[in-house]
Amino acid sequence: MCGIVGCILNNKKAAPVLLGCVKRLEYRGYDSVGIATPTHKIQIKKDQGKIVDVDKNLKLADLPGTMGIAHVRWATHGLPTKENAHPHTDCENKIAVVHNGIIENYKTLKEQLEDEGHVFKSETDTEVIPHLIEKYMDAGEDLENATRHALTDLKGSYAIAVMSKNEPDKIIGARKESPLIVGKNENEYFVASDVPAILEYTNKIIYLNDYEMAILGENGVLIKDIDGNLIEREIEVIEWTPDMAEKGGYDHFMIKEIHEQPEAVKNTLLEASEIKKVVQKLPGFSRICFVACGTSYHASLTGKYLFESRLGIPTDVVLASEFGYSSRTLNEETLVILITQSGETADTLKALRIANKKAKTLAIVNVLGSTATRESDYVIYTRAGPEIGVAATKTYVSQLTCIYLLLIYLSGRHELLDILQKIPDHMVSALEKENKIRDIAKKYKNTPDFFFIGRGFSYPTAMEGALKLKEITYIHGEGYPAGELKHGPLALLDEGVPVVAVAPPGKSHDKTFGNVEEVKARGAQVIALGSRSDEILKSEAHEMIEFEDEIDEMFSPIPYIIPLQLLAYHISVEKGIDPDKPKNLAKCVTVE
Ligand code: F6R
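Quantities reported herein were computed from a predicted structural model and do not represent experimental measurements.

Conventions and cut-offs
- Residues numbered from 1 in each chain as written.
- Predicted model: local features only at pLDDT ≥ 70, side-chain atom pairs only at ≥ 80, totals over all residues.
- Heavy atoms only, no water.
- Helix = DSSP H or I, 4+ residues; strand = E, 2+ residues; numbered from the N terminus.
- Buried < 20%, exposed > 50% of the residue type's maximum accessible area, 1.4 Å probe, protein only.
- Contact = heavy atoms within 4.5 Å.
- Polar contact = N/O pair within 3.5 Å; in protein donor to acceptor, adjacent residues only side chain to side chain.
- Salt bridge = Lys/Arg side-chain N within 4 Å of Asp/Glu carboxyl O.
- Pairing = 2+ DSSP bridges.
- Axes fitted to C-alpha atoms, helices over the stretch in contact; angles between N-to-C directions.
- Parallel < 35°, antiparallel > 145°, perpendicular 65-115°, else oblique.
- Left-handed = near helix turned anticlockwise from the far one by under 90°.
- Nonpolar A, V, L, I, M, F, W, Y, C, P; charged D, E, K, R; others polar.
- Near = heavy atom within 4 Å.
- Areas by Shrake-Rupley, 256 points an atom, 1.4 Å probe, with all protein chains shown as cover.
- Right-handed = clockwise from strand over helix to strand, strands pointing away.
- Domains from an automatic or database assignment.
- Buried area = accessible area lost by both parts, 1.4 Å probe.

Q: Give a detailed account of the environment of E167, specifying residues and quantitative values.
A: By the element assignment, E167 lies in strand β8 (residues 167–176). Overall, the relative accessible area of 16% leaves E167 in the buried class. Distance from E167 to K442, taken between C-alpha atoms, is 58 Å for residues 275 residues apart in sequence. Beyond its immediate chain neighbours, meaning those up to four positions away, E167 contacts M137, D142 and L143. Engagement of the side chain of E167 in a polar contact is seen with the backbone nitrogen of L143, the distance being 2.7 Å.

What follows is the structure in structure tokens.
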């Protein structure tokens, strides 16, 4: 949830670099920011608020020194205040720590440390870490060993970066269940919670595993296990350019990422041969179980419709947070497919660990080297590139593309590849509707409720459209199977309520059209998504977003989601909300 970074530079001030890095991490958490650098003492500037405001007041980049650590916070323990902002220190201000994760036993540890005379300054779980390190350094251990010792006392999850004024040439990084990477340049070293933070400075990355530590300092970078044994780890060269992680001329990351979608799908299609290889390696299975959260869950739901209707394989879809309550029916005949953009979502990782005990697991992941990729039996990468906007967009269409590719290789229906290859062109056409959608957004921006309806393949599209609207416009949006309206929600339909009807040509079309008439009869404003030649739908709808006739319902989920993403984006902008940073949400949810 929080973002952390640390660096040791060669004859260059660290604070301006750290500031640049945390700006790029802002999507991980943005209620507080702080930087610490060690010279003859540890100097810290930190406060609650957005980076730009805190920097204006405190001049973060003015801190002296060629190394340091920094943090952006998304509060879990303790309100967003200056005291609770990271870095946190020990009693004597000789050790500073930034942390992402949750220390579950912090209350017990805090009580013990307070009994031993330690004085705490914040309400955070994190602060126990510098005090534990202080305790062990006071007992004679060096920074590395004291950190290692402290980690063995912790229960919960952590990615940390630690430094001490007593060893002011060293940064220690460590992780357990929260991501941490190491970056290397000639004589310059970085730790960070993820790649975009440091991409401007290096693309040579080492991924840490759980219970591993990185010691950055005069010996370069050493990777060790929790017992202190050296580990050989390959450096991976990341092909993302810093530009890919920037806004690229758009007002927001979200709209940039919406426009990157045709490219993202093309990149995913380049993975076809890798996906084919994975399919060839899969053991036999008679049942599929998708597990995911949020947008990734909606991609999974599309997978269910595809695999059951086109493969004839019984397919369940389970929300990751519910998986632990329903996993008993798994067996070696089940393939569990976990879909996760970040590969770090705590609910999904927990489900993965349960599934691993009973079935074979396949993860569809965007972030290379993330925990899900390391803990699953098989991995497919979506290759959508870094997604910074909190609302998932391009990773959703890439996840869907992976599901189509899986279907093609599992079913042997290679002719479907030709149709899939044409999807990016249809996406470009959908993006060309942006002006029209902006007008619709202006018209409906003040409405308190929206409904999104669809049947079959269009039901997950409706759900995803409603989720996008909710998260970035704060408008109440309900995604419903169109046929379910009459079983209750129809009571909510008043005069003028917008109903977005997803009605591509195909098996579900006529019934969805019936629902359009049903809601219109009750005064709803119908915004329809359908085929260009669908004159009857056009005649009923108040607004119509048209698509090429050849996109049938089976392949509609990718192009048809685009207008719904654009609608949510433009309503958000019209309402003066920052769509990249919706309130109460963070990009990667690393707590259950
Ligand atoms: C919505 C959104 C979230 C994520 C969910 C799962 O726009 O982004 O609903 O889809 O938190 O995240 P991943 O896919 O990283 O596991």
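There is more to say after this.
Q: Run through the pattern of salt bridges, naming residues and quoting values.
A: Counted according to the given criterion, the structure contains 30 salt bridges. Between R148 and E144 there is a salt bridge, with its nearest N and O atoms 2.8 Å apart. Taken together, the positions of R148 and E144, both in helix α5 (residues 143–153) and 4 residues apart, correspond to about one turn of that helix. Here R148 and E144 have matching classes, each one buried. Of the charged contacts in the structure, one is a salt bridge between E535 and K538, with a shortest N-O distance of 3.5 Å. Highlighted residues: E535 and K538, both in helix α18 (residues 535–540), separated by 3 residues, approximately one helical turn.

Q: Outline unusual backbone geometry, supporting the account with residue identities and numerical values.
A: Cis rather than trans, the peptide bond between H86 and P87 has omega equal to 0°. With respect to the helices and strands, the residue P87 is situated in the loop between β4 (67–73) and β5 (88–89). Not every positive phi belongs to a glycine, and E177 is a case in point at roughly 60°. Tracing the sequence through the fold places E177 in the loop between β8 and β9 (181–185). Residue N584 is not a glycine yet carries a positive backbone phi of 70°. Tracing the backbone shows N584 in the segment after α19 (557–574).

Q: Can you lay out helix α1 (residues 14–24) for me, pointing to particular residues and giving the numbers?
A: Most of α1 is tucked away: 9 of the 11 residues are buried. Among the residues of α1, those classed as buried are A14, A15, V17, L18, L19, G20, C21, V22 and R24. Its buried side turned inward, α1 meets β1 (3–8), β2 (32–38), α2 (51–58), β4 and β10 (188–192).

Q: Now, about the sheet that holds strand β18 (residues 360–365): what can you tell me, with residues and values included?
A: The 5 strands lie next to each other as β16-β15-β17-β18-β19, forming an open sheet whose pairing is parallel. Bordering the open sheet on either side are β16 (315–319) and β19 (378–381), each of which pairs with just one other strand. Recorded for the sheet is a direction-independent mean angle of 20° between the axes of neighbouring strands. Here strand β17 (residues 334–340) pairs with β18 via 6 bridges, running parallel. Counterpart to L335 in the pairing with β18 is K360. Lying over the sheet, helix α9 (residues 294–311) contacts β15 (287–292), β16 and β17, oriented at roughly 170° with respect to β16.

Q: Residue-level account of the sheet that holds strand β7 (residues 158–164), with values.
A: Strand order in this open sheet of 6 strands is β5-β6-β7-β8-β12-β13, and the pairing throughout is antiparallel. The open sheet is flanked by β5 and β13 (220–225), the only strands paired with a single partner. As defined by bridge partners, β7 adjoins β8 across 6 bridges and the pair is classed as antiparallel. Considered in β8, the bridge of A159 is made with R175. With respect to the sheet, helix α4 (residues 128–138) is in contact with β5, β6 (95–100), β7 and β8, its orientation differing from that of β6 by roughly 140°. Packing against the sheet, α5 makes contact with β7, β8, β12 (212–217) and β13, and its axis sits at approximately 150° to β7.

Q: So, the packing of helix α3 (residues 106–115) against α4: which residues are in play, and what are the values?
A: Between α3 and α4, whose axes approach to 10 Å, the crossing angle comes to 45°. With respect to their mutual orientation, α3 and α4 come out oblique. Crossing of α3 over α4 shows left-handed handedness. Judged by residue contacts, Y106, L109, K110 and L113 of α3 engage V128, H131, L132 and K135 from α4. Of the residues belonging to the contact of α3 with α4, the class tally is 5 nonpolar, 1 polar and 2 charged.

Q: With reference to specific residues and values, describe the pairing of β4.
A: With respect to burial, β4 is a largely interior element, 7 of its 7 residues being buried. Because side chains alternate across β4, one face comprises the buried residues M67, I69, H71 and R73, and the other comprises G68, A70 and V72, equally buried. In terms of strand pairing, β1 meets β4 through 6 bridges, oriented antiparallel. Counterpart to I8 in the pairing with β4 is M67. Pairing analysis gives 5 bridges linking β2 to β4, with the strands arranged antiparallel. Directly across from A36, in β4, lies its bridge partner I69.

Q: How would you sum up the site of the ligand? Please name residues and give values.
A: In the vicinity of the ligand there are 14 residues, among which S296, T340, S342, T345 and E471 approach most closely. A distance of 3.3 Å separates an oxygen atom of the ligand from a polar backbone atom of V390. Here an oxygen atom of the ligand sits 2.9 Å away from a polar atom, N or O, in the main chain of A392. Protein chains shield 90% of the accessible area of the ligand, which is 410 Å² for the free molecule.

Q: Can you tell me about the pairing of strand β20 (residues 449–454), naming the residues and giving the values?
A: Of all 6 residues in β20, 5 are buried, a share of seventy percent or more. With respect to chirality, the unit in which β20 leads through helix α16 (residues 458–473) into the neighbouring parallel strand β21 (residues 476–481) is right-handed. Inspection of the sheet shows β20 paired to strand β22 (residues 498–503) by 3 bridges, in the parallel sense. Bridge pairing links F451 to V499 in β22.

Q: Pulling in residues and values, what's your account of the domain arrangement of the chain?
A: Taken domain by domain, the chain holds domain 1 (3–244), domain 2 (247–421) and domain 3 (429–578). Placing the centre of domain 1 and that of domain 2 at their C-alpha centroids yields a distance of 32 Å. At the interface, 12 residues of domain 1 touch 12 residues of domain 2. Taken together, both faces of the contact between domain 1 and domain 2 bury some 1200 Å²; the carbon and sulfur share is 57%. Counting every contact that joins domain 1 to domain 2 gives 0 salt bridges. For the pair domain 1 and domain 2, the interface holds 2 residue pairs in polar contact (both at pLDDT 80 or more). Looking at the side of domain 1 that touches domain 2, its residues break down into 7 nonpolar, 1 polar and 4 charged.

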